[in-house]
Amino acid sequence: MLIAGFPAGAWGTNCYLVAPAAGEECVIIDPGHQAARGVEDALEKHRLKPVAVVLTHGHIDHVASVVPVCGAHDVPAWIHPDDRYMMSDPEKALGRSIGMPLMGELTVGEPDDVKELTDGTTLRLAGLELSVAHAPGHTKGSVTFGLPEAADIPPILFSGDLLFAGSIGRTDLPGGDMAEMLDSLARVCLPLDDSTVVLSGHGPQTTIGRERATNPYLRQVAAGQGAQEAPRRGM
């Protein structure tokens, strides 16, 4: 398994390229603000051929480079239908008035081929099996992508802005909901094995076991308690 990741742009959003090995087909996860150059560098370094872009949610810091990346390689983008509108209307997703400047160099819109994600399905792309779990709370259409354990590789969760090392995604933007966030944490994260590696939308990697033991939000969910509003992180 090859996973090449890098933080991109003004928001430091983690973009990942995932492939069975170097020199093979790959999937690109969350090409955000100013990610296109980093994607091309990783493709060249590892001799990868992209077959799809998959998106954990629709916020501009995760989708800003979808159009150029998909266009350069003639590949589709996969997104949950509840977040699809954000690609063309990012201001609405952020509670901004239409027409207000949003880092003026950004070009928003949909790529030519958009496919919609469904909860509980498995995407079979580039020789990978990515399990899709709908995980609203940060946005209505947030999802996670899971890779099963294989050989000496532990299971992997691409958590987007659901779960971070030591925290969770913010819920104060349009479409955010703390009750849905807590439900998603309980339903998507708690059942996972402690060895599961968590690769999130922002910040360092962690594991479910570490977060189960130390993350105040996951601990409170596990105890059946409520949680306070998360500190602002990401977008």
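Residues numbered from 1 in each chain as written. Predicted model: local features only at pLDDT ≥ 70, side-chain atom pairs only at ≥ 80, totals over all residues. Heavy atoms only, no water.

Chemist: Provide a residue-level description of the sheet that holds strand β14 (residues 206–207), including the pertinent values.
Modeler: Read across the open sheet, the six strands follow the order β7-β8-β9-β10-β13-β14; overall the sheet is mixed. With partners counted over all chains shown, the strands left at the sheet margins are β7 (122–125) and β14, one partner each. Across three bridges, strand β9 (residues 143–147) lies against strand β10 (residues 156–160) in antiparallel orientation. The partner of L147 across the bridge, within β10, is I156. (Pairing = 2+ DSSP bridges. Helix = DSSP H or I, 4+ residues; strand = E, 2+ residues; numbered from the N terminus.)

Chemist: Give me unusual backbone geometry: which residues, what numbers.
Modeler: For R47, which is not glycine, the phi dihedral falls at a positive 55°. Examined against the element boundaries, R47 turns out to sit in the loop between α1 (36–46) and β4 (49–54). R47 gets classed as exposed once you look at its relative accessible area, which sits at 56%. The phi dihedral of A126 falls on the positive side, at around 55°, and the residue is not glycine. (Buried < 20%, exposed > 50% of the residue type's maximum accessible area, 1.4 Å probe, protein only.)

Chemist: Can you tell me about the state of the cysteines, naming the residues and giving the values?
Modeler: All chains considered together, the criterion is met by zero disulfides. Of all cysteine sulfurs in the structure, the one in C26 sits closest to C15, which takes part in no disulfide; the separation is 9.6 Å. The exposure class of C15 is buried, given its relative accessible area of 0%. (Disulfide = S-S within 2.5 Å.)

Chemist: So what's going on with the nonpolar core? Which residues, and what values?
Modeler: Core analysis: the largest hydrophobic core is formed by 29 residues, its most contacted members being L17, I28, V39, V53 and V66. Those elements that provide at least two residues to this core are β1 (2–8), β2 (13–19), β3 (25–29), α1, α2 (60–63), α3 (66–73) and β5 (77–79). With four residues, the single largest contributor to this core is β1. Setting aside its immediate chain neighbours within four residues, I28 contacts C15, Y16, L17, V39, P50, A52, V53, V54 and V69. The next biggest cluster of nonpolar side chains, apart from the first, holds 21 residues, and it includes Y16, V18, I29 and A126. (Core = buried A, V, L, I, M, F, W, Y, C linked by side-chain atoms within 4.5 Å. Contact = heavy atoms within 4.5 Å.)

Chemist: If you had to explain the packing of α1 against α3 to someone new, which residues and values would you point to?
Modeler: Packing of α1 against α3 leaves a shortest axis separation of 9 Å and a crossing angle of 35°. Residues A36, V39, E40 and L43 of α1 form the contact with α3, whose participating residues are V69, A72 and H73. For the contact of α1 with α3, the class distribution of residues is five nonpolar, one polar and one charged. (Axes fitted to C-alpha atoms, helices over the stretch in contact; angles between N-to-C directions. Nonpolar A, V, L, I, M, F, W, Y, C, P; charged D, E, K, R; others polar.)

Chemist: Quick one: what's the story with the pattern of salt bridges, residue by residue and with numbers?
Modeler: Using the criterion set out here, one finds nine salt bridges in the structure. Between D41 and R37 there is a salt bridge; the shortest N-O distance is 3.1 Å. Here D41 and its partner R37 are both found in helix α1, four residues apart, which amounts to about one turn of the helix. The class of R37 is exposed, set by a relative accessible area of 52%. Here D113 makes a salt bridge to K115, at a shortest N to O gap of 3.8 Å. Take D113: its relative accessible area is 32%, and that puts it in the partly exposed class. Connected via shared salt-bridge partners are R84, E110 and E116. (Salt bridge = Lys/Arg side-chain N within 4 Å of Asp/Glu carboxyl O.)

On their own, these measurements won't tell you what the molecule is for.
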